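# Remarks on the overall topology
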Amino acid sequence: MVTPMTPDGELDPAGAKAVVEHLIGTGHDGIVVNGTTGESATLTSSESIEMVEWVCAAAADRAAVVAGVGSNDTRHAVEMAKLAAAAGADGLLLVSPYYNKPTQAGVLAHCRAVADATDLPVLLYDIPGRTGIPFTTETLIALAEHPQIVGVKDAKGDLWAASQVMAATDLLWFSGADEVNLAHLAQGATGVVSVVGHVAGRRYAEMLAAVDAGDLPTARRIHLALIPLVEALMNTSQGGIMAKAALKELGIIEHATVRLPYVEGPPADLEKLRAALAQTDLA
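Residues numbered from 1 in each chain as written. Predicted model: local features only at pLDDT ≥ 70, side-chain atom pairs only at ≥ 80, totals over all residues. Heavy atoms only, no water.

## Notes on the side chain of Thr26
Convention followed: A run of H or I in DSSP counts as a helix once it spans at least four residues, and a run of E counts as a strand once it spans at least two, with each numbered from the N terminus. Each residue's exposure class comes from its accessible area (1.4 Å probe, protein chains only) as a fraction of the maximum for that residue type: buried when under 20%, exposed when over 50%, partly exposed otherwise.
With respect to the secondary-structure elements, Thr26 resides in the loop between α1 (13–25) and β1 (30–33). A relative accessible area of 11% places Thr26 in the buried class.

## Things to note about the UniProt feature "site: Part of a proton relay during catalysis" (unreviewed entry) in the protein
We apply this condition: UniProt positions are given in the numbering used here, feature names are shortened, and annotations may be inferred rather than shown by experiment. Residue contacts are defined here by distance: any two heavy atoms, one from each residue, within 4.5 Å place the two residues in contact.
Here the UniProt-annotated "site: Part of a proton relay during catalysis" (unreviewed entry) positions come out as Thr36 and Tyr99. On the basis of relative accessibility, which here comes to 18%, the residue Thr36 falls in the buried class. The contacts of Thr36, once residues within four sequence positions are left out, are Tyr125, Arg130 and Tyr262. Inspection of the secondary structure assignment puts Tyr99 in the loop between β3 (91–95) and α4 (104–117).

## A short note on the nonpolar core
Cut-off, in case you're wondering: What we call a nonpolar core is a set of buried Ala, Val, Leu, Ile, Met, Phe, Trp, Tyr and Cys residues that are connected through their side-chain atoms within 4.5 Å.
Counting residues in each nonpolar core, the largest one holds 81 residues, and the members touching the most others are Met1, Ile31, Leu124, Leu229 and Leu233. Per-element accounting of this core gives the leading share, seven residues, to helix α2 (residues 45–59). In this view, Ile31 contacts Met1, Val20, Leu23, Ile24, Val55, Ala63, Ala64, Val65 and Val66; residues no more than four positions away in its chain are not counted. Val32, Val95, Tyr125 and Phe174 belong to the second largest nonpolar core, which has 10 residues in total.

## Details of the packing of α2 against helix α3 (residues 74–86)
Formally: Note on geometry: axes are lines fitted to C-alpha atoms, helical ones only across the stretch in contact, with angles between N-to-C directions running from 0 to 180 degrees. When describing relative orientation, an angle under 35 degrees is termed roughly parallel and one over 145 degrees roughly antiparallel, while 65 to 115 degrees is termed roughly perpendicular and anything else oblique. Crossings are assigned a handedness: left-handed for a near helix turned anticlockwise from the far helix by less than a right angle, right-handed for a clockwise turn. Throughout this entry, Asp, Glu, Lys and Arg are counted as charged residues, while Ala, Val, Leu, Ile, Met, Phe, Trp, Tyr, Cys and Pro are counted as nonpolar. The remaining residues, Gly among them, count as polar.
For the pair α2 and α3, the least separation of the axes is 10 Å and the interaxial angle reads 30°. Judged by the inter-axis angle, α2 sits roughly parallel to α3. Along this stretch, α2 crosses α3, giving a crossing that reads as right-handed. The residues of α3 that touch α2, namely those facing Ser45, Ser48, Ile49 and Val52, are His76, Met80, Leu83 and Ala84. Of the residues contributing to the contact of α2 with α3, the split by class is five nonpolar, three polar and no charged.

## Comments concerning the UniProt feature "binding site: pyruvate" (unreviewed entry) in the protein
Under the feature "binding site: pyruvate" (unreviewed entry), the UniProt entry names Thr37 and Val193. Taken along the chain, the residues just named run across 157 residues; in space they keep tight, none of their C-alpha pairs more than 10.6 Å apart. Relative to the helices and strands, Thr37 resides in the loop between β1 and α2. Not counting the four nearest positions on each side in its chain, Thr37 is found in contact with Met1, Val2, Thr3, Val195, His198, Gly240 and Ala243. Residue position: Val193 is located in the loop between β7 (191–192) and α9 (197–212). Classification of Val193 as buried rests on a relative accessible area of 17%. When near neighbours in sequence (up to four residues on either side) are disregarded, Val193 contacts Val32, Lys153, Phe174, Ser175 and Gly176.

## A short note on the sheet that holds β7
Quick note on the threshold: Whether two strands pair depends on DSSP finding at least two bridges between them.
A sheet is described by the order of its strands in space; here seven strands give the open sequence β1-β2-β3-β4-β5-β6-β7, paired in parallel fashion. Edge strands, defined here as strands with exactly one partner in the open sheet, are β1 and β7. Bridge count between β1 and strand β2 (residues 64–68): four bridges; the pairing is parallel. Within the sheet, the bridge partner assigned to Val33 lies in β2 and is Ala67.

## As for helix α12 (residues 239–249)
Rules: Whenever two N or O atoms come within 3.5 Å, that pair is a polar contact, provided that in protein one can donate a hydrogen and the other can accept it, and provided that, for residues adjacent in sequence, both atoms are side-chain atoms.
Judged by how many residues are buried, α12 sits mostly within the fold: nine of 11 residues are covered. The set of residues buried in α12 consists of Gly239, Gly240, Ile241, Met242, Ala243, Lys244, Ala245, Ala246 and Leu247. Put simply, Gln238 is the residue that caps the front of α12, since its side-chain oxygen is 2.6 Å from the backbone nitrogen of Gly240. Of the residues one or two after α12, Gly251 is the one with positive phi, at around 80°.

## What about the pattern of salt bridges?
Quick reminder of the rule: Whenever a carboxyl oxygen of Asp or Glu lies within 4 Å of a side-chain nitrogen of Lys or Arg, that contact is scored as a salt bridge.
In this structure the tally under the stated criterion is seven salt bridges. The salt bridge involving Arg259 is made with Glu47; its shortest N-O contact spans 2.7 Å. A residue pair is termed long-range when its members are at least 10 positions apart, and Arg259 in the loop between α12 and α13 (267–279) and Glu47 in helix α2 qualify at 212 residues. Taken individually, Arg259 and Glu47 each receive the classification buried, so the pair is uniform in this respect. The residue Glu249 makes a salt bridge to Arg274 at a minimum N-O spacing of 3.1 Å. One end of the pair, Glu249, is in helix α12; the other, Arg274, is in helix α13, and 25 residues separate them in sequence. Given a relative accessible area of 35%, Arg274 falls into the partly exposed group. If you follow the salt bridges from partner to partner, you end up with Glu249, Glu271 and Arg274 in one network.

See the structure below:
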């Protein structure tokens, strides 16, 4: 989920509660806090934990709350994991350690250290376009042996590599890129961790149900119908920016404020978003 902010860039607890209610009311059974879309890179440690506390309180056990605790400093990631667990998180989202460019042996040691820090289940977050460091197939297979590491949020987009890991492990697989949600689900993914789901949660829940029922024609129709919305949110300025804009358009949050280096999208992006919301009957 996005991290709602006031016009001066401070966290907005009322906005966070409103987003949680909206998400639960539109088909979501889990909420990720402090992920990429939540602008986690610009939140302080204390702000991140505040968000976990607020979202857990608002969700009130109606949805699982997964807290992003990734860092390029293993000690910091371990500390954040412990704090998120104490704040009430049900699980942890762990991105590969960015910028440092560790070897895969370093990635393994980093993830094991964080997984050892609490008894919470860990969802690995594979998004090398942002981190510069992929989880290789071999690394994922090795990490699957850890009892606390239970799944992968895949934003790498390598469908064949995903197939190989799913075949070799019991890891739960979640599409982390809305453009390929259907492709991942069709080859056995468990679910989606979605940006577009901020405004199309019910549609994605219907897609999941259709795939589970073996009804690929229905799933395909939903996928094709959502193309304008996926384009408007994911292929304009930036998914986190446009998700906030969409929630503001729908009256869920009051402000679409983002923190630098993000800036709000230009008018052309907003017009594309409005057209997509109207085209998909979500305006």
